[in-house]
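# Inside the fold
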Amino acid sequence: MDFDSPQAVSEALVSVDYLPNDRIAQVVFLAARLDKPILVEGPAGVGKTELAKALSRVTGRELIRLQCYEGLDEAKALYEWNYKKQLLRIQADTDHEWEEIEQDIFSEEFLLTRPLLAAIRSADPVVLLIDEVDRVEVETEALLLEILSDFQVSIPELGTIEASTQPLVVLTSNNTRELSEALKRRCLFLHIDYPDPAREQQILNARVPGLSEHLAAQVANVARSIRNLDLKKAPSVSETIDWARTLLALSIEEVDGAVLGDTLHVLLKYQSDIEKAAKELASTPGD
Amino acid sequence: MLGVITGFIDELREAGVPVSMVEAIDAMRAVEAINVGDRVALRETLRATMVKNLRHERAFDTAFEVYFSTIPVPSDVSPLPEQGKDLPRSESEDRPQSQPFDLDALLERLFQALADMDGAALRQGAQTAVDQLAGMEPGRPVGGTYYLYRTLRRLDLAGLEERLLQALIGDSEMSEFDQRLLREEVQSRIEELREEIQEEIRRRLVADRGRDAVARTLRRPLIEDVDLMHATAGDLKEMDAAIGPLTRKLAARLARRRRKRTGRLDFRRTVRRSLATGGVPADPQFRHPRPHRPEVWLLCDVSGSMATFSRFTLQFTHAMATHFSKLRSFAFVDTVDEVTDFFGPGVDFGSALERVATEAEVVWLDGHSDYGNSLENFVKRYGPQLTPRTTVIITGDARNNYRPPRDQVLAEVTRMARAVVWLNPEPSTYWDTGDSMMSHYARHCSSVHEVRTLRQLEQFVEELTLPTGRSLQNVL
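Fair warning: this is a prediction, and the values are worked out from it, not measured in the lab. (Residues numbered from 1 in each chain as written. Chains lettered and ligands numbered in written order. Predicted model: local features only at pLDDT ≥ 70, side-chain atom pairs only at ≥ 80, totals over all residues.)

### Here's the deal with the overall build of chain A
Where we set the bar: By the criteria applied, helices consist of DSSP H or I runs no shorter than four residues and strands consist of E runs no shorter than two, each listed in order from the N terminus. As defined in this context, the radius of gyration uses C-alpha atoms, and a globule is described by 2.2 Å times the residue total to the power 0.38. The exposure label follows from counting other C-beta atoms within 10 Å of a residue's C-beta, where the C-beta atoms are placed from the backbone and the thresholds are 20 or more for buried and 12 or fewer for exposed, leaving partly exposed in between. This entry defines residue contacts through backbone-placed C-beta atoms, with two residues in contact when those atoms are within 7 Å.
Along chain A, the regular secondary structure elements total 14 helices and nine strands. Its C-alpha atoms give chain A a radius of gyration of 24 Å, more than 25% over the compact-globule value 19 Å for 287 residues. With respect to the three principal axes, the spread of C-alpha positions in chain A is 90 × 45 × 35 Å. For chain A, buried positions account for 38% of its 287 residues. Within chain A, contacts between residues at least 6 apart in sequence are counted, and of these 75% link residues at least 24 apart.

Here it is in C-alpha cells:
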C-alpha cells in the first residue's frame, strides 16, 4: 500500500469520516512508505484505535486485532499446537513408525493460528492492530519484536514463517507504563492529543449527523474550556460526541450555563470533576 | 541538508534525548521520502522517527526551531514585509532615527491579523515588532528571553486581548458563559502571536550566532533530570503526567500474581480436563498460589526545607492511592499524623494538599524537622498496627536540626515491619554533612536510595521490576 503524499492520506481518511491532523497524516504516510509499524500514544478516547479501523476501511484491508491484557502469552498472541488433536492422531494411528507420526503432527494442520501469525500468513495484506500494548508485561513485549522488525515468526518445529504480504501495523498505548526501548525503536511514534476546537468541530459534524454548525462550534469550545481545567480525567473526543448527541436528542440549539450544568455528567465521569467544572462554568437555572 | 540533520541529532543527544543509531538511520531514510521544503512535514517526520517519549517533545521542539527555522512554513510564501528585507538585526539600531516607528500602526495591524485569523499577516507583524522593539544586539550570548520580554513590554498583549474580545462581542448581547468561551478563543490567538514573536527572535539569534551556539544556550534539562528540590511549579505540573505511569507500574509490580506453577496439583480439575483427551491427563491443572498482598506505608517529611520535594512525594502518594488500596500515608515535621484519608480515590490533589497543610497535626513544637520525635510518636501510635507484611517507605533528607536522632526507634520499626526503605532527595555526597543524620538511620534500613530526580525514582521502581533486583524484590 502506498500513498502519494500526506495530503492523499488525509483525503483518504476524511473520506471515511476520520479527520486527521497534519501529524497523523504525515506519520501514516511515512509508515506506508517505509513499512514501519506506528506506535500511537495519547489520552483515552482521542481516536487511537479508530485510526487503525479507518485505515482498514481506506485500504479495504481486513483488520486483525490483538487486544492486549496482563497475562497475554505466546499461545494466545502467536500460535499454539492443537495438542488435543495431536493426541488423537497418535492414538488413532498405531501402524506407522514414530518418525512418520512425529513429522505429521507438527505440520500446519495441527497449528492453531492466533492474531499475530494470522496477520503474517494472510494471503491478502491486512491491517494489524495491537491494542493497548502497554497492558502486557515487559517480558511479553519481546514476543512482538520479531514481527515488528522483520515481519516474521519463528516456530521451532516448522522454521521461520515470513510474511507473504506486508501488513500495516498499528500499536496503541495509553501510556500506563513506559514501553521498552527495543519496542519503541522499531516503531514510528505518534502522539495524538485532544484536537483543537476547529478540528473537533469538523469531527463532530462528521460524526453527529443533524448537528448544526453553530452547536458544533459551541460544543468544541466548551470541550476546550473544560480540558483547560485541572481535572482527573478530561473529556475525550468520544465523550464530546456523546454530549453532542445528547444535546441533539434533547433538541437543544443553544448551549448555556444551565444546559451544561444539567448534562455535565455525559462529559465527565468523576464526581469531583463534575463539581469543579460546574463551579467554573455552569450555572444553575436559579442565578 | 545531511549536515544540518546530523547536527540536529547531535543536539538532541546533547539535550538528553536518546536517539539510537537505528533511529537516526530511519530518520534519514524517512527524510528522503518527503518534501524537505515543507517544514511541517519535516518536523513531524523527524519527530516520529526519533522522539519516542512525550516528555522529550519540548526539547525536540526547541532544537527543531533552532536548526530548521530558515525553512518556511508552506503557507508562508508571501515575501517578507518591506521593513525586514535585509538582515534585520543590523538595521534595528539605526532605524528609529531614520524613520520614525509608529507603534500604534503596528498594533492596529496585529489587531486586524488576529481578528481575521490571518497567519501570514500575523507573522509579518511579529517580524516588524521584533525589528522595532526587541533591540537585538549582535553577538550577545543570550537565549532570547530578554528580547522577548522587551518586545512584549511595548506591545501590551493584555490590552490587545481586551480590545479583540470587545470587538468580537460587538453589539450583541452575550451571556457570561459565551463570553468566557470567547475569551479562551481570544487567548489562544494571542498565544499564537507570542509564539510567532518568540520564533522570530530565535530565527534571528540563529542567523547571528549560528545554530549550535543558540541551541546550547537554549538547552534545558529534561524533565526527568530536574532536581526535585528545586523544581518550579511548571516542572511539577509536567512531572505529574509522568508520575501516573510510574505508580501504576509500581502498583502492578506489587500486586502481581506469581505466574509460576508453584501451587499444588489440582487433582479434580486435572481429571476433568483429561476427559477431553481420552483420559490421558495431558494438561495438569494446578491450584493458584495465594498472591502476596503487601501493605505499603509512606512516611513523608513535609517540613519547609522539603517543601518542593514533599509536594512531589505527596503527588506520588496521591497517584499511588488511586489504584492501590492497602496504602497508608503519614506526614511529619516534628510529630506525625496520618493523612491517608485526605488522599482517597477520587479526591482532587490540590484540595488534598491544602488539607495536609491545614488539618494534619504535624507540628508539635516549632515546625523544624525532628525525625527522632516523629519516629517515636509514629511507633507509639501506629506501631502496634505494623505487621510483617508492611513495607515502610520514608522520604526525607534526614536533617534533624541537631536534635537527637533516636535511631533505635527506627530499628524497632524495622523489626516489626517487613522492610524499611529510605528515599533521600539530597545528593549522597551531602549525607552526614551538617545536621544530616543519614548514616544513623541508614544502618537500620533495608535499603537507602538517593532520589533527586524523576529518573532516579524511575530507576528505583525499575529495580523493583527487573529480575536482577532480587534482593529488592524481597523487600516488597
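Having seen the model, we can carry on.
### Topic: the overall build of chain B
Each helix and strand counted, chain B has 21 helices and six strands in total. The burial tally for chain B puts 34% of its 476 residues in the buried class.

### Quick notes on the pairing of strand S7 (residues 159-162) of chain A
All names here are of chain A. Counted only if it meets this: Here a strand pair is declared whenever DSSP counts at least two bridges between the two strands.
As paired strands, strand S6 (residues 152-155) and S7 are joined by four bridges and run antiparallel to one another. Residue pairing in the sheet places valine 153 in a bridge with isoleucine 161 of S7. The turn joining S6 and S7, which pair antiparallel and follow one another in sequence, is formed by three residues.

### Digging into the sheet that holds strand S2 (residues 62-67) of chain A
Residue and element names in this part refer to chain A. In plain terms, the rule: Simply put, an axis is a line fit to the C-alpha atoms, just over the touching stretch for a helix, and the angle between two N-to-C directions goes from 0 to 180 degrees.
Strand order in the open sheet formed by five strands is S2-S5-S8-S1-S9, and the pairing between neighbours is parallel. Every interior strand has two partners, whereas the edge strands, S2 and strand S9 (188-191), have only one. On average, each strand axis in the sheet is tilted by 20° relative to the strand beside it, whichever way the strands run. With four bridges connecting them, strand S5 (residues 126-131) and strand S8 (residues 168-173) associate as parallel partners. Residue pairing in the sheet places isoleucine 130 in a bridge with leucine 171 of S8. The strands touched by helix H2 (residues 22-34) are strand S1 (38-41), S8 and S9; relative to S9, the strand with the most contacts, the crossing angle is about 160°.

### So, unusual backbone geometry
The phi dihedral of A:Ser251 is positive, around 40°, even though this residue is not glycine. According to the C-beta neighbour criterion, A:Ser251 is exposed, with 6 such atoms within 10 Å. Positive phi is not limited to glycine here, since B:Asn401 has a value of about 55°. Following the sequence through the fold, B:Asn401 ends up in the loop between strand S4 (390-395) and helix H18 (407-416).

### A closer look at the interface of chain B and chain A
Condition: For this classification, Asp, Glu, Lys and Arg are treated as charged, while Ala, Val, Leu, Ile, Met, Phe, Trp, Tyr, Cys and Pro are nonpolar and the rest, including Gly, are polar.
Counting residues at the interface gives 32 residues for chain B and 34 residues for chain A. Breaking the side of chain B that touches chain A down by element, the ones donating at least two residues are helix H2 (21-32), helix H3 (39-50), helix H11 (176-209) and helix H13 (233-255) of chain B. Per-element accounting of the side of chain B that touches chain A gives the leading share, six residues, to H3(B). When grouped by side-chain class, the residues that make up the side of chain B that touches chain A number 15 nonpolar, seven polar and ten charged.

### Concerning the environment of B:Val448
Residues and elements named next belong to chain B. Tracing the sequence through the fold places valine 448 in strand S6 (residues 447-450). Residue valine 448 is classed as partly exposed on the basis of its C-beta count, with 19 C-beta atoms lying within 10 Å. Distance from valine 448 to valine 421, taken between C-alpha atoms, is 5.9 Å for residues 27 residues apart in sequence.

### Topic: the sheet that holds strand S3 (residues 336-338) of chain B
All names here are of chain B. Read from one edge to the other, the open sheet built from six strands follows the order S3-S2-S1-S4-S5-S6, with strand pairing classed as mixed. Where the open sheet ends on each side, the last strands, each with one partner, are S3 and S6. Each neighbouring strand pair of the sheet contributes to a mean axis angle of 20°, computed without reference to strand direction. Here strand S5 (residues 419-424) pairs with S6 via four bridges, running parallel. Bridged to asparagine 424 within S6 is glutamate 450.

### Let's talk about the packing of H2(A) against H3(B)
How two helices sit against one another is set out by the angle between their axes and by the gap between those axes. We count it as follows: Working rule for handedness: look at the near helix, and if it is turned counterclockwise from the far one by less than a right angle, call the crossing left-handed; if clockwise, right-handed.
Viewed as axis vectors pointing N to C, H2(A) and H3(B) meet at an angle of 65°, and their least axial separation amounts to 9 Å. As for the relative orientation of H2(A) and H3(B), their crossing is right-handed in sense. Each of A:Asp22, A:Arg23, A:Gln26, A:Val27 and A:Leu30 in H2(A) lies in contact with H3(B), whose residues at this interface are B:Val40, B:Ala41, B:Glu44, B:Thr45 and B:Ala48. Taken together, the residues that form the contact of H2(A) with H3(B) break down as five nonpolar, two polar and three charged.

### What to know about the pairing of S4(B)
Residue and element names in this part refer to chain B. For S4, the tally of buried residues reaches five of six residues, placing the bulk of the element in the interior. In this structure, strand S1 (residues 295-301) lies alongside S4, joined through six bridges in parallel fashion. Looking across to S4, one finds that valine 296 is bridged to threonine 391. Judged from the five bridges that link them, S4 and S5 form a sheet pairing that is parallel. The partner of isoleucine 393 across the bridge, within S5, is valine 421.

### Topic: the nonpolar core
Put simply, the test is: Nonpolar core, as used here: buried Ala, Val, Leu, Ile, Met, Phe, Trp, Tyr and Cys residues forming one set through C-beta atoms within 7 Å.
One finds A:Ile38, A:Val170, A:Leu188, A:Leu190, A:Val219 and B:Ala63 to be the most contacted residues of the largest nonpolar core, which totals 118 residues. If we ignore the near neighbours within four places in the chain, the residues touching A:Val219 are A:Leu204, A:Thr240, A:Trp243, A:Ala244 and A:Val255. Listed in part, the 54 residues of the second largest apolar core include B:Ala231, B:Met306, B:Val362 and B:Leu386.

### Details of the packing of H2(B) against H3(B)
Residue and element names in this part refer to chain B. Keep this limit in mind: Our angle categories are set so that under 35 degrees counts as roughly parallel, over 145 as roughly antiparallel, 65 to 115 as roughly perpendicular, and the remainder as oblique.
Their axes nearest at 8 Å, the elements H2 and H3 cross at an angle of 155°. Viewed along their axes, H2 and H3 adopt a mutual orientation that is roughly antiparallel. In the crossing of H2 with H3, the sense of the turn from one axis to the other is right-handed. Where H2 approaches H3, its residues Glu23, Asp26, Ala27, Ala30 and Val31 are matched on the opposing element by Thr45, Leu46, Thr49 and Met50. Here the contact of H2 with H3 is composed, by residue class, of five nonpolar, two polar and two charged.

### Here we look at the confidence of the model for chain B
Residue and element names in this part refer to chain B. For clarity, the threshold we go by: Confidence scores labelled pLDDT are given residue by residue by the predictor and lie between 0 and 100.
Confidence in the prediction for chain B averages 79 pLDDT; 85% of positions are at 70 or higher. Considering only residues more than four positions removed or in separate chains, one finds that residues 73-98, a stretch of pLDDT under 50, has 32 contacts. Low pLDDT, under 50, characterises residues 467-474; the predicted model gives this stretch six contacts beyond four residues in sequence or across chains. Interface confidence for the predicted complex, given as ipTM, is 0.87, next to a pTM of 0.75.

### Some points on helix H10 (residues 157-169) of chain B
Selection criterion: Here the expected length of a helix is defined as 1.5 Å per residue gap, with one fewer gap than residues.
For H10(B), spanning 13 residues, the distance from its first C-alpha to its last is 18 Å, which sits close to the expected 18 Å at 1.5 Å a residue. Trailing H10(B) by a residue or two, B:Gly170 shows a phi angle of about 65°, which is positive.

### A few points about the environment of B:Met229
Residues and elements named next belong to chain B. In this structure, methionine 229 sits in the loop between helix H12 (211-218) and H13. Judged by C-beta crowding, with 17 C-beta atoms within 10 Å, methionine 229 ranks as partly exposed. Excluding residues that lie within four positions of it along the chain, methionine 229 makes contacts with Thr308, Phe309 and Pro425.

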